[in-house]
Amino acid sequence: MIVLMRLFPKDKGDAEEIWNFVNQRFSAPSAKKVRPLFSSMQTRARFVSLFIEADDIERIGDVLVDDIGACPQIVDTRTMPLLKMAFLPTPKEKPKRTKRYSVMVRCRPKEYYSVYRKVLDVQPAPGIFATFVAFLIGDFDVMVSIVSTSQKKVREYAARNIWKLDGVEEVKIFPIQKSKLLIAEEDWQMLQRALLYVPPWAGDEMKDTLAFGFHLTEEDIHLTGAMRSES
(Lines give C-alpha, C1' and ligand atoms only; values in the text may rest on other atoms or scores of the structure.)
Protein backbone atom coordinates (compact mmCIF):
# COMPACT_ATOMS: atom_id res chain seq x y z
CA MET A 1 0.00 0.00 0.00
CA ILE A 2 1.15 3.51 -0.85
CA VAL A 3 -0.20 6.41 1.18
CA LEU A 4 -0.03 10.16 0.72
CA MET A 5 0.45 12.18 3.91
CA ARG A 6 -0.20 15.90 3.80
CA LEU A 7 1.48 17.79 6.62
CA PHE A 8 0.10 21.23 7.37
CA PRO A 9 2.06 24.06 9.05
CA LYS A 10 0.61 26.71 11.31
CA ASP A 11 1.92 29.41 9.00
CA LYS A 12 3.86 29.67 5.77
CA GLY A 13 7.22 30.11 7.48
CA ASP A 14 6.88 26.72 9.16
CA ALA A 15 6.52 24.81 5.88
CA GLU A 16 10.25 24.98 5.16
CA GLU A 17 10.96 23.61 8.65
CA ILE A 18 8.59 20.71 7.96
CA TRP A 19 10.27 20.13 4.59
CA ASN A 20 13.70 19.94 6.20
CA PHE A 21 12.41 17.69 9.00
CA VAL A 22 10.76 15.23 6.60
CA ASN A 23 13.76 14.93 4.30
CA GLN A 24 16.16 14.43 7.20
CA ARG A 25 13.93 12.06 9.16
CA PHE A 26 12.98 9.84 6.22
CA SER A 27 16.21 9.81 4.21
CA ALA A 28 17.52 6.75 6.13
CA PRO A 29 16.02 3.22 6.08
CA SER A 30 13.23 2.82 8.64
CA ALA A 31 12.90 0.09 11.27
CA LYS A 32 9.10 0.46 11.12
CA LYS A 33 8.79 -1.64 7.94
CA VAL A 34 7.76 1.32 5.84
CA ARG A 35 9.50 2.73 2.78
CA PRO A 36 9.44 6.50 2.26
CA LEU A 37 9.28 7.15 -1.50
CA PHE A 38 9.40 10.90 -2.06
CA SER A 39 8.37 14.23 -0.58
CA SER A 40 7.08 17.43 -2.14
CA MET A 41 6.11 20.91 -1.04
CA GLN A 42 3.13 22.72 -2.47
CA THR A 43 3.58 26.20 -3.93
CA ARG A 44 2.64 28.94 -1.45
CA ALA A 45 3.72 26.46 1.26
CA ARG A 46 0.23 25.32 2.21
CA PHE A 47 1.46 21.82 3.02
CA VAL A 48 4.27 19.29 2.63
CA SER A 49 3.45 15.88 1.12
CA LEU A 50 5.11 12.59 2.02
CA PHE A 51 4.54 9.40 0.00
CA ILE A 52 5.15 6.17 1.93
CA GLU A 53 4.86 2.49 1.02
CA ALA A 54 3.89 0.02 3.76
CA ASP A 55 2.66 -3.59 3.87
CA ASP A 56 0.60 -2.97 7.01
CA ILE A 57 -1.61 0.08 7.63
CA GLU A 58 -0.70 -0.15 11.32
CA ARG A 59 2.84 0.88 10.36
CA ILE A 60 1.48 4.14 9.03
CA GLY A 61 0.04 4.81 12.48
CA ASP A 62 3.50 4.27 13.95
CA VAL A 63 4.91 6.85 11.54
CA LEU A 64 2.24 9.38 12.49
CA VAL A 65 2.84 8.94 16.22
CA ASP A 66 6.60 8.45 16.38
CA ASP A 67 7.87 10.50 13.45
CA ILE A 68 5.32 13.07 12.31
CA GLY A 69 4.41 13.81 15.94
CA ALA A 70 8.03 14.72 16.62
CA CYS A 71 7.84 17.82 14.40
CA PRO A 72 6.38 20.78 16.36
CA GLN A 73 5.69 22.78 13.19
CA ILE A 74 3.10 20.21 11.99
CA VAL A 75 -0.31 21.27 13.29
CA ASP A 76 -2.55 19.02 11.16
CA THR A 77 -2.29 15.99 8.88
CA ARG A 78 -4.29 14.21 6.17
CA THR A 79 -3.47 10.60 5.29
CA MET A 80 -4.88 9.22 2.02
CA PRO A 81 -4.23 5.68 0.74
CA LEU A 82 -3.44 5.50 -2.98
CA LEU A 83 -5.06 2.55 -4.77
CA LYS A 84 -4.39 1.22 -8.28
CA MET A 85 -1.45 3.58 -8.69
CA ALA A 86 -0.28 3.45 -12.29
CA PHE A 87 2.68 5.12 -14.00
CA LEU A 88 2.54 6.36 -17.57
CA PRO A 89 5.01 6.72 -20.46
CA THR A 90 6.13 10.28 -21.09
CA PRO A 91 7.61 12.04 -24.14
CA LYS A 92 11.34 11.52 -24.55
CA GLU A 93 11.71 15.11 -25.71
CA LYS A 94 10.63 17.03 -22.61
CA PRO A 95 10.51 20.83 -22.34
CA LYS A 96 13.42 22.19 -20.31
CA ARG A 97 11.31 24.38 -18.04
CA THR A 98 8.44 22.48 -16.44
CA LYS A 99 6.76 22.15 -13.07
CA ARG A 100 4.72 19.38 -11.47
CA TYR A 101 1.08 19.73 -10.44
CA SER A 102 -1.25 17.49 -8.44
CA VAL A 103 -4.73 17.45 -9.93
CA MET A 104 -7.29 16.17 -7.43
CA VAL A 105 -10.67 14.98 -8.69
CA ARG A 106 -13.89 14.33 -6.77
CA CYS A 107 -16.59 12.34 -8.52
CA ARG A 108 -19.72 10.28 -7.90
CA PRO A 109 -19.01 6.76 -6.58
CA LYS A 110 -20.48 4.91 -9.56
CA GLU A 111 -18.12 6.83 -11.87
CA TYR A 112 -14.88 6.31 -9.88
CA TYR A 113 -13.42 3.63 -12.14
CA SER A 114 -14.67 5.19 -15.36
CA VAL A 115 -13.01 8.53 -14.54
CA TYR A 116 -9.80 6.80 -13.47
CA ARG A 117 -9.51 4.78 -16.69
CA LYS A 118 -10.38 7.68 -18.97
CA VAL A 119 -7.78 9.91 -17.32
CA LEU A 120 -5.17 7.14 -17.67
CA ASP A 121 -5.78 7.02 -21.40
CA VAL A 122 -5.37 10.76 -22.09
CA GLN A 123 -2.64 11.31 -24.69
CA PRO A 124 0.08 13.90 -23.91
CA ALA A 125 -0.13 17.28 -25.62
CA PRO A 126 2.75 19.69 -26.34
CA GLY A 127 4.10 21.00 -23.05
CA ILE A 128 1.97 18.80 -20.78
CA PHE A 129 1.76 15.13 -19.81
CA ALA A 130 0.52 12.96 -16.93
CA THR A 131 3.08 10.88 -15.03
CA PHE A 132 0.92 8.78 -12.70
CA VAL A 133 -2.73 8.29 -11.75
CA ALA A 134 -4.23 6.73 -8.60
CA PHE A 135 -7.45 6.27 -6.68
CA LEU A 136 -7.63 8.15 -3.38
CA ILE A 137 -9.49 7.42 -0.17
CA GLY A 138 -10.34 10.78 1.40
CA ASP A 139 -11.73 14.14 0.32
CA PHE A 140 -10.89 13.39 -3.34
CA ASP A 141 -11.26 10.24 -5.42
CA VAL A 142 -8.67 10.38 -8.21
CA MET A 143 -5.21 11.96 -8.22
CA VAL A 144 -3.32 12.85 -11.40
CA SER A 145 0.32 13.94 -11.31
CA ILE A 146 0.93 16.36 -14.18
CA VAL A 147 4.13 17.87 -15.59
CA SER A 148 3.56 21.05 -17.59
CA THR A 149 5.22 24.19 -18.87
CA SER A 150 2.46 26.36 -17.35
CA GLN A 151 -0.49 26.26 -14.98
CA LYS A 152 -2.64 27.61 -17.82
CA LYS A 153 -2.01 24.39 -19.75
CA VAL A 154 -2.98 22.34 -16.67
CA ARG A 155 -6.26 24.26 -16.37
CA GLU A 156 -6.92 23.64 -20.07
CA TYR A 157 -6.05 19.95 -19.62
CA ALA A 158 -8.52 19.68 -16.74
CA ALA A 159 -11.26 21.47 -18.68
CA ARG A 160 -10.75 19.34 -21.79
CA ASN A 161 -10.07 15.91 -20.26
CA ILE A 162 -11.54 15.81 -16.73
CA TRP A 163 -14.38 18.28 -16.20
CA LYS A 164 -16.28 16.88 -19.19
CA LEU A 165 -16.31 13.32 -17.80
CA ASP A 166 -19.58 11.98 -16.40
CA GLY A 167 -19.69 12.08 -12.61
CA VAL A 168 -16.93 14.64 -12.03
CA GLU A 169 -18.01 17.12 -9.34
CA GLU A 170 -14.82 18.98 -8.40
CA VAL A 171 -11.29 19.43 -9.71
CA LYS A 172 -8.51 21.19 -7.80
CA ILE A 173 -5.02 21.97 -9.06
CA PHE A 174 -2.09 22.15 -6.62
CA PRO A 175 1.22 23.48 -8.04
CA ILE A 176 4.27 21.74 -6.57
CA GLN A 177 7.22 23.94 -5.64
CA LYS A 178 9.81 21.19 -5.16
CA SER A 179 10.16 17.44 -4.68
CA LYS A 180 12.80 15.08 -3.33
CA LEU A 181 13.26 11.35 -3.93
CA LEU A 182 13.74 9.45 -0.65
CA ILE A 183 14.71 6.07 -2.11
CA ALA A 184 17.49 5.09 -4.48
CA GLU A 185 16.79 5.75 -8.16
CA GLU A 186 17.09 2.04 -8.98
CA ASP A 187 14.50 1.20 -6.30
CA TRP A 188 12.20 3.87 -7.70
CA GLN A 189 12.60 2.42 -11.19
CA MET A 190 11.71 -1.04 -9.86
CA LEU A 191 8.53 0.39 -8.33
CA GLN A 192 7.68 1.99 -11.67
CA ARG A 193 8.12 -1.32 -13.49
CA ALA A 194 5.84 -3.01 -10.96
CA LEU A 195 3.11 -0.43 -11.65
CA LEU A 196 3.46 -0.07 -15.41
CA TYR A 197 0.58 1.01 -17.65
CA VAL A 198 0.77 1.44 -21.42
CA PRO A 199 -2.34 3.25 -22.71
CA PRO A 200 -3.87 2.43 -26.11
CA TRP A 201 -2.26 5.46 -27.80
CA ALA A 202 1.29 4.29 -26.88
CA GLY A 203 1.60 1.69 -29.65
CA ASP A 204 4.72 0.36 -31.36
CA GLU A 205 4.71 3.25 -33.80
CA MET A 206 5.31 5.65 -30.87
CA LYS A 207 7.79 3.64 -28.80
CA ASP A 208 10.80 5.57 -30.11
CA THR A 209 9.26 8.86 -28.93
CA LEU A 210 8.38 7.69 -25.39
CA ALA A 211 10.36 7.38 -22.17
CA PHE A 212 9.63 4.71 -19.59
CA GLY A 213 12.19 5.75 -16.99
CA PHE A 214 12.97 8.26 -14.31
CA HIS A 215 13.67 11.95 -14.87
CA LEU A 216 15.05 14.21 -12.13
CA THR A 217 15.91 17.89 -12.05
CA GLU A 218 17.27 19.92 -9.15
CA GLU A 219 13.91 21.60 -8.60
CA ASP A 220 11.43 18.83 -9.20
CA ILE A 221 10.78 15.15 -9.74
CA HIS A 222 9.16 14.08 -13.00
CA LEU A 223 7.63 10.71 -12.21
CA THR A 224 7.45 8.39 -15.19
CA GLY A 225 6.89 4.74 -16.07
CA ALA A 226 4.45 2.39 -17.86
CA MET A 227 2.01 -0.55 -17.35
CA ARG A 228 0.16 -2.72 -19.86
CA SER A 229 -3.39 -1.78 -20.76
CA GLU A 230 -6.13 -4.26 -19.87
CA SER A 231 -7.67 -3.82 -23.32
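The paragraphs below set out a description of the structure included in this document. (Residues numbered from 1 in each chain as written. Predicted model: local features only at pLDDT ≥ 70, side-chain atom pairs only at ≥ 80, totals over all residues. Heavy atoms only, no water.)

As for the overall build of the chain
- Across its full length, the chain holds 5 helices and 14 strands.
- Relative to its 231 residues, the chain shows a buried fraction of 52%.
- In the chain, the proportion of contacts linking residues at least 24 apart, taken out of those at least 6 apart, comes to 78%. (Helix = DSSP H or I, 4+ residues; strand = E, 2+ residues; numbered from the N terminus. Buried < 20%, exposed > 50% of the residue type's maximum accessible area, 1.4 Å probe, protein only. Contact = heavy atoms within 4.5 Å.)

Overview of the nonpolar core
- Judged by nonpolar contacts, the single largest core of 26 residues is most densely connected at Val-144, Ile-146 and Tyr-157.
- Sorting the residues of this core by element identifies β6 (99-107), α3 (112-120), β7 (128-136), β8 (142-148), α4 (151-161) and β9 (168-181) as the ones contributing at least two each.
- Among all residues touching Ile-146, those that are not within four sequence positions of it are Lys-99, Arg-100, Tyr-101, Val-103, Ile-128, Phe-129, Ala-130, Val-154 and Tyr-157. (Core = buried A, V, L, I, M, F, W, Y, C linked by side-chain atoms within 4.5 Å.)

Side note on the pattern of salt bridges
- Taken as a whole and assessed by the stated rule, the structure comprises 7 salt bridges.
- Measuring nitrogen to oxygen at the nearest pair gives 3.0 Å for the salt bridge that ties Glu-170 to Arg-106. Of this pair, Glu-170 sits in strand β9 while Arg-106 sits in strand β6, and the two are 64 residues apart along the sequence.
- Judged by its relative accessible area of 23%, Glu-170 is partly exposed.
- Among the residues examined, Arg-106 registers a relative accessible area of 30% and is labelled partly exposed.
- One network of salt bridges, with partners in common, ties together Arg-106, Glu-169, Glu-170 and Lys-172. (Salt bridge = Lys/Arg side-chain N within 4 Å of Asp/Glu carboxyl O.)

Regarding the packing of aromatic side chains
- On inspection of all chains with the given rule, the structure shows 10 aromatic pairs.
- Ring plane angle 20° and centroid distance 4.5 Å describe the contact between Tyr-116 and Phe-135, whose orientation is recorded as stacked. You can see Tyr-116 sitting in helix α3 and its partner Phe-135 sitting in strand β7, a full 19 residues away along the chain. An identical accessibility class is assigned to Tyr-116 and Phe-135; each is buried.
- Among the aromatic residues, ring-to-ring pairing joins Phe-38, Phe-51, Phe-87, Phe-132 and Trp-188 into one connected group. (Phe/Tyr/Trp six-rings, centres within 6.5 Å; stacked < 30°, edge-to-face > 60°.)

Details of the side chain of Asp-14
- Mapped onto the elements of the fold, Asp-14 is located in helix α1 (residues 12-25).
- Despite its burial, Asp-14 pairs with no opposite charge; the closest candidate is Lys-10, at 7.1 Å N-O.
- Non-local contacts of Asp-14, meaning those with residues more than four positions away in its chain, are made with Pro-9 and Gln-73. (Lys, Arg positive; Asp, Glu negative; His and termini not counted.)

As for the sheet that holds strand β4 (residues 74-87)
- The strand order around the closed barrel formed by 8 strands is β1-β3-β2-β9-β6-β8-β7-β4, and the pairing between neighbours is antiparallel. Strand-to-strand twist across the sheet, computed as the mean angle between neighbouring axes with direction ignored, equals 35°.
- Direction of pairing for β6 relative to β8: antiparallel, over a ladder of 7 bridges. Across the sheet, residue Tyr-101 finds its bridge partner in β8, namely Ile-146. (Pairing = 2+ DSSP bridges. Axes fitted to C-alpha atoms, helices over the stretch in contact; angles between N-to-C directions.)

Observations concerning α1
- Its 14 residues give α1 an end-to-end C-alpha distance of 21 Å, which sits within 8% of 20 Å, the value for a rise of 1.5 Å per residue.
- Buried within α1 we find Asp-14, Ala-15, Ile-18, Trp-19, Phe-21, Val-22 and Asn-23.
- On its buried face, α1 is in contact with β1 (2-9), β2 (34-42), β3 (48-54), α2 (57-67), β4 and β9. (Expected span 1.5 Å × (residues − 1).)

Looking at the pairing of β1
- When you tally the buried positions in β1, you get 7 out of 8 residues, the bulk of the element.
- Where β1 lies against β4, 8 bridges are found, and the strand directions are antiparallel. Directly across from Arg-6, in β4, lies its bridge partner Arg-78.
- Relative to β3, β1 runs antiparallel, the two being bridged by 6 bridges. Paired with Leu-4 across the strands is Phe-51, a residue of β3.

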